[in-house]
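# Secondary and tertiary structure notes
The lines below spell out each chain.
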Amino acid sequence: MKGNKHLKVQGEIKDRGMIKWQGMMLTEHVEMIRAWYEEDKHDAKPDLDETDLQLLEEELVLAAQRKCHVKLKSWKERRFHYHIGIIQELDQHSRSITYQDPSGMHRLPMEELVSVWLID
């Protein structure tokens with residue numbers, strides 16, 4: 001007797017899993033489900049109000065003055081990114097932050113910044 005590679009046996013129940021539903025799915029539905037799963041993997045950009053932005057700027061200024069380690073959270077390309085280092089410069093003209101970590105100096109645009117944590 002030939003075995004079925006898609007057949008799963010759970011107890012006394014023989015189940016084909018998702019195979020049994022494939023005939024009922026239209027290609028448009030499959031594409032929509034795949035797009036939905038892909039969209040679900042992305043993080044939503046947080047909406048910062050004026051108060052949040054002011055607190056963020058105060059934390060940045062304090063961290064730059066104290067030259068202490070900070071953890072920066074940025075949002076770019078629909079994902080959150082974390083950076084740890086020491087803030088070297090706050091450039092108001094180009095709206096960017098220059099920070100140093102063990103691998104060197106990096107620039108981060110302020111528009112991408114979401115939160116700042118001081119690490120003492």
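Structural data are supplied above this passage.
All of these numbers come straight from a predicted model, not from anything done at the bench. (Residues numbered from 1 in each chain as written. Predicted model: local features only at pLDDT ≥ 70, side-chain atom pairs only at ≥ 80, totals over all residues. Heavy atoms only, no water.)

### What to know about the environment of G104
Tracing the backbone shows G104 in strand β6 (residues 104-109). Classification of G104 by relative accessible area gives partly exposed; the value is 23%. For the pair G104 and G85, spaced 19 residues apart in the sequence, the C-alpha separation amounts to 9.5 Å. (Helix = DSSP H or I, 4+ residues; strand = E, 2+ residues; numbered from the N terminus. Buried < 20%, exposed > 50% of the residue type's maximum accessible area, 1.4 Å probe, protein only.)

### Let's talk about the nonpolar core
Counting 13 residues, the largest nonpolar core has L60, V70, L72, I87, I97, L113 and V116 as its most contacted members. At the level of elements, α2 (50-66), β3 (69-76), β5 (96-101) and β7 (113-119) are the ones that each hand at least two residues to this core. For this core, the leading source of residues is α2, giving four residues. Excluding its chain neighbours within four sequence positions, the residues that come into contact with V116 are L56, E59, L60, V70, K71 and L72. (Core = buried A, V, L, I, M, F, W, Y, C linked by side-chain atoms within 4.5 Å. Contact = heavy atoms within 4.5 Å.)

### Considering the sheet that holds strand β4 (residues 79-91)
Strand order in the open sheet formed by five strands is β6-β5-β4-β3-β7, and the pairing between neighbours is antiparallel. At either end of the open sheet lies a strand with only one pairing partner, and these are β6 and β7. Here the average twist between neighbouring strands, direction ignored, is 45 degrees. Here β3 runs beside β4; their pairing, made up of eight bridges, is antiparallel. (Pairing = 2+ DSSP bridges. Axes fitted to C-alpha atoms, helices over the stretch in contact; angles between N-to-C directions.)

### Here we look at the packing of aromatic side chains
Overall, the coordinates contain one aromatic pair when judged by the stated rule. A ring pair is formed by W36 and Y37, whose centres lie 5.7 Å apart and whose planes are at 20 degrees; its orientation type is stacked. Taking the ring centre of W117 as reference, the NZ or CZ of K71 above it sits at 5.5 Å. Its guanidinium or amino end placed over the ring of F80, K73 lies 4.3 Å from that ring's centre, counting from NZ or CZ. (Phe/Tyr/Trp six-rings, centres within 6.5 Å; stacked < 30°, edge-to-face > 60°. Lys NZ or Arg CZ within 6 Å of the ring centre and 35° of its normal.)

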